[in-house]
Every structure is written in C-alpha cells, then in structure tokens.
Amino acid sequence: MRLRSPDPFDKPRVLFNYLSHEEDWIEMRACVRWTREIFAQAPFDEYRGDELQPGSSVQSDDAIDAFIKRKVESAYHPCGTCKMGRAGDQMAVTDAETKVIGVDGLHIVDTSIMPRVTTGNLNAPAIMIGEKASDIILGLKPLPASNAPYFKPDNWQTAQR
C-alpha cells in the first residue's frame, strides 16, 4: 500500500501481489490436494459424490495452477500493511507497542501490523493483537514469553498430516 499523493483524501494505491511467490502456489496446490484427501476418508463415503471443482481430471501441478488462476479469489482479509519495527526503521509504521511512529496517542490494533499472512483465518490473531495491545495501552505487565511447540508434519506439501 502506498500513498497516491500528499492529499489525505486521495485513495491509496494498493497492490496485493496475490500468488506472486512460488511458495504461494505450493500452498494453494497443497490445499486442493488436502481437501481431496479429507473428503476421500471413510466418514464421508455416504455423502461424497463426484468432485465438482476442480474436477477429478485435474491432477497435475499445471492443471491445478490453471484452476487456481480461473477460480481463486481473495477472502478480503489483507494484513501486514503497517510494518511494526524498531526506532530508526524508515519502513516501520508502528513500534513494538503498536504506537504509530511520530503520532502521539495513536495505536494500530488490527492485523495490519502482522508481519505476514497466517495460514488460517485472521479472527484468532486479530483477537490476540487486540488483547495484547489493550494490555499495552492499559499499562499492564506482559505475560511471560513462550516458545510452545506446534505441530508441522514433514510431508505437509503432499499429505497435510
């Protein structure tokens, strides 16, 4: 996101860069394959019919990519548009306490301060950001740091579990 002009009433220029990195394509293909894997499981036997989209004939990376290009759209949950950074970082919009750099009394408390898009819905991260920022704004002592482990299978790109 960039300013169009010095006029604050001019709409900003927005370029989402959807699917602009190879990793984006790998993850989208994995989603298609994972969905198929889930619905191929026995509990879905009595409910499963023919695959509607992309269709059972769409199997190769190229064919899945073509489907993605035709059908995938944004869920309208952009995030990461207001970089959080340290003092002196010319690209940072907020500091580590969500304060807008150079503006007294203004915090950004939404998913725009996230460094990258999550692999799931933005609801939980948005709640976490709100909770953390409210503690900061109210001057409450932070919770202790945690490096809790999370599950990430080695074969996530093909089997998802």
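Parameters and conventions
Residues numbered from 1 in each chain as written. Predicted model: local features only at pLDDT ≥ 70, side-chain atom pairs only at ≥ 80, totals over all residues. Heavy atoms only, no water. Axes fitted to C-alpha atoms, helices over the stretch in contact; angles between N-to-C directions. Helix = DSSP H or I, 4+ residues; strand = E, 2+ residues; numbered from the N terminus. Parallel < 35°, antiparallel > 145°, perpendicular 65-115°, else oblique. Contact = heavy atoms within 4.5 Å. Nonpolar A, V, L, I, M, F, W, Y, C, P; charged D, E, K, R; others polar. 1 Å grid on protein atoms, 1.4 Å probe; cavity = no way out; pocket = protein on both sides within 12 Å on 5 of 7 lines; lining within 4 Å. Points joined across faces, edges and corners; volume = space filled by probe spheres on them. Salt bridge = Lys/Arg side-chain N within 4 Å of Asp/Glu carboxyl O. Buried < 20%, exposed > 50% of the residue type's maximum accessible area, 1.4 Å probe, protein only. Core = buried A, V, L, I, M, F, W, Y, C linked by side-chain atoms within 4.5 Å. Phe/Tyr/Trp six-rings, centres within 6.5 Å; stacked < 30°, edge-to-face > 60°. Expected span 1.5 Å × (residues − 1). Patch = residues over 30% accessible without salt bridge, like charges linked within 9 Å, V, L, I, M, F, W, Y side chains within 5 Å. Areas by Shrake-Rupley, 256 points an atom, 1.4 Å probe, with all protein chains shown as cover. Lys, Arg positive; Asp, Glu negative; His and termini not counted. Charge placed at Lys NZ, Arg CZ, Asp CG, Glu CD.

1. A closer look at the packing of helix α1 (residues 22–39) against helix α2 (residues 61–71)
Next, step 1: In the contact formed by α1 and α2, the axes pass within 10 Å of each other and the chain directions differ by 100°. Viewed along their axes, α1 and α2 adopt a mutual orientation that is roughly perpendicular. Here α1 contributes Trp25, Met28, Arg29, Val32, Arg33 and Arg36 to the contact with α2, which in turn contributes Asp61, Ile64, Asp65, Ile68 and Lys69.
Next, step 2: A breakdown of the residues in the contact of α1 with α2 according to their chemical character gives 5 nonpolar, no polar and 6 charged.

2. Thoughts on the layout of surface pockets
Next, step 1: In this structure, the second largest pocket encloses a volume near 550 Å³.
Next, step 2: Taken together, 19 residues make up the lining of the second largest pocket; nearest its centre are Met84, Ile113, Met128, Ile129 and Lys132.
Next, step 3: Within the lining of the second largest pocket, the residues separate by chemical class into 13 nonpolar, 2 polar and 4 charged.

3. Comments concerning the pattern of salt bridges
Next, step 1: Throughout the structure, instances matching the rule amount to 8 salt bridges.
Next, step 2: As a salt-bridge pair, Asp89 and Lys83 come within 2.8 Å of each other at their nearest N and O atoms.
Next, step 3: Its relative accessible area of 25% is what places Asp89 among the partly exposed residues.
Next, step 4: Taking relative accessible area as the criterion, Lys83 reaches 41% and is therefore assigned partly exposed.

4. Here we look at the nonpolar core
Next, step 1: Residues Cys79, Cys82, Val100, Ile108, Ile113, Met114, Leu122 and Ile129 constitute the largest nonpolar core, which totals 8 residues.
Next, step 2: Leaving out residues up to four positions away in the same chain, Ile129 has contacts with Val109, Asp110, Thr111, Ile113 and Met114.
Next, step 3: Listed in part, the 6 residues of the second largest apolar core include Trp25, Val32, Val58 and Ile68.

5. Comments concerning the environment of Ala30
Next, step 1: Within the fold, Ala30 resides in helix α1.
Next, step 2: On a C-alpha basis, the gap between Ala30 and Glu51 in space is 17 Å, while along the polypeptide they are 21 residues apart.

6. A closer look at the packing of aromatic side chains
The description of two aromatic rings rests on the distance between their centres and on the angle between their planes.
Next, step 1: One pass over the structure, following the stated rule, counts 1 aromatic pair.
Next, step 2: Seen in terms of ring centroids, Phe39 and Phe44 are 4.7 Å apart; in terms of plane orientation they differ by 55°. Their pairing is tilted.
Next, step 3: With relative accessibility at 43%, the residue Phe39 sits in the partly exposed group.
Next, step 4: The partly exposed category is assigned to Phe44, whose relative accessible area is 29%.

7. Concerning helix α3 (residues 123–138)
Next, step 1: The end-to-end C-alpha separation of α3 is 22 Å, in line with the 22 Å expected for 16 residues at 1.5 Å each.
Next, step 2: Gly139, located one to two residues past α3, shows a positive phi value of around 75°.

8. Section: a positive patch on the surface
Next, step 1: On the surface, Arg2, Arg4, Lys11 and Arg13 cluster together to form a positively charged patch.
Next, step 2: You can call Arg4 partly exposed: its relative accessible area is 48%.

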